[in-house]
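Read off the chains here:
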Amino acid sequence: MISLAEYTQLKAFARQDGFFIGLLWVFTFACFVGSMTEPGLQIGFISGVTVSPFIIYYRLKHYRDRIIGGTISFKRAFTFLAYVVVDASIILAAATFIYFYFLDHGQFMSSLQQSLAMPEIQKTITQAGVDLKEVDKQMQIFSQTRPIDIAFSLFFNTLVSGMILSLLLSMIGSRMRVSKS
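Summary of the structure given here. (Residues numbered from 1 in each chain as written. Predicted model: local features only at pLDDT ≥ 70, side-chain atom pairs only at ≥ 80, totals over all residues. Heavy atoms only, no water.)

### Let's talk about the layout of surface pockets
Then, number 1: For the largest pocket, the calculated volume is near 370 Å³.
Then, number 2: Lining the largest pocket are 16 residues, and of these Trp25, Thr28, Val49, Leu92 and Thr158 lie nearest its centre.
Then, number 3: Broken down by secondary-structure element, the contributors of at least two residues to the lining of the largest pocket are helix H1 (4-34), helix H2 (42-67) and helix H7 (147-175).
Then, number 4: With 6 residues, H2 is the single largest residue contributor to the lining of the largest pocket. (1 Å grid on protein atoms, 1.4 Å probe; cavity = no way out; pocket = protein on both sides within 12 Å on 5 of 7 lines; lining within 4 Å. Points joined across faces, edges and corners; volume = space filled by probe spheres on them. Helix = DSSP H or I, 4+ residues; strand = E, 2+ residues; numbered from the N terminus.)

Structure representation (structure tokens):
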């Protein structure tokens, strides 16, 4: 059991780390959206998705080693990472809502439709066994989705996947101990 002061400290450090992870996720989202018109930005998207778990683990390790003295229980590690993921997910959802509500004006959907109209993309979709009429139907549904619904969906997806990641990273982070030499 941790004290109130330790819990307050945990939340404060998690909030800071959640803010920076949230900014990383916003950058990653921006690269994804930008890659619709500028394919070179896919590198930023792929990099952001790839490095996120490592940065999150690094921040847990920093908290464990430098803030609380080198050991951490699974429960405390998971609590820390859960707060990080919730805060980062809120930031990403807010940025997504702002983008789709104020900035996009249908540009994302237009880029997506242009990509799907390319013969090589249609050939790939057909080879995957997907009916192009079904893709068009899904595009119609997506085009009618409100920005708040997109933001909420992204929030929920990052929250769930982040909690699963937090479970794994908490197991790893709580097993490793810093030797005091």
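Moving on, there is more to tell.
### Brief notes about the packing of helix H3 (residues 74-103) against H7
Then, number 1: At their nearest, the axes of H3 and H7 sit 8 Å apart, and the two run at 160° to each other. By the angle between their directions, the pair H3 and H7 is classed as roughly antiparallel. Crossing hand, H3 versus H7: right-handed.
Then, number 2: Class assignment for the residues of the contact of H3 with H7 results in 24 nonpolar, 7 polar and no charged. (Axes fitted to C-alpha atoms, helices over the stretch in contact; angles between N-to-C directions. Parallel < 35°, antiparallel > 145°, perpendicular 65-115°, else oblique. Left-handed = near helix turned anticlockwise from the far one by under 90°. Nonpolar A, V, L, I, M, F, W, Y, C, P; charged D, E, K, R; others polar.)

### Focus on the environment of phenylalanine 19
Then, number 1: Inspection of the secondary structure assignment puts phenylalanine 19 in helix H1.
Then, number 2: For phenylalanine 19, a relative accessible area of 41% puts it in the partly exposed group.
Then, number 3: Spatially, the C-alpha atom of phenylalanine 19 lies 6.5 Å from that of aspartate 87, the residues being 68 residues apart in sequence. (Buried < 20%, exposed > 50% of the residue type's maximum accessible area, 1.4 Å probe, protein only.)

### Regarding the packing of H2 against H7
Then, number 1: Two numbers describe how H2 lies on H7: the axes approach to 10 Å, and their chain directions differ by 45°. It follows that H2 is oblique to H7 by the angle criterion. Considering the relative orientation of H2 and H7, their crossing is right-handed. Touching Pro53, Ile56, Tyr57, Leu60 and Arg64 of H2 are Leu165, Leu169, Ser170, Ile172 and Gly173, all from H7.
Then, number 2: The residue makeup of the contact of H2 with H7, split by class, is 7 nonpolar, 2 polar and 1 charged. (Contact = heavy atoms within 4.5 Å.)

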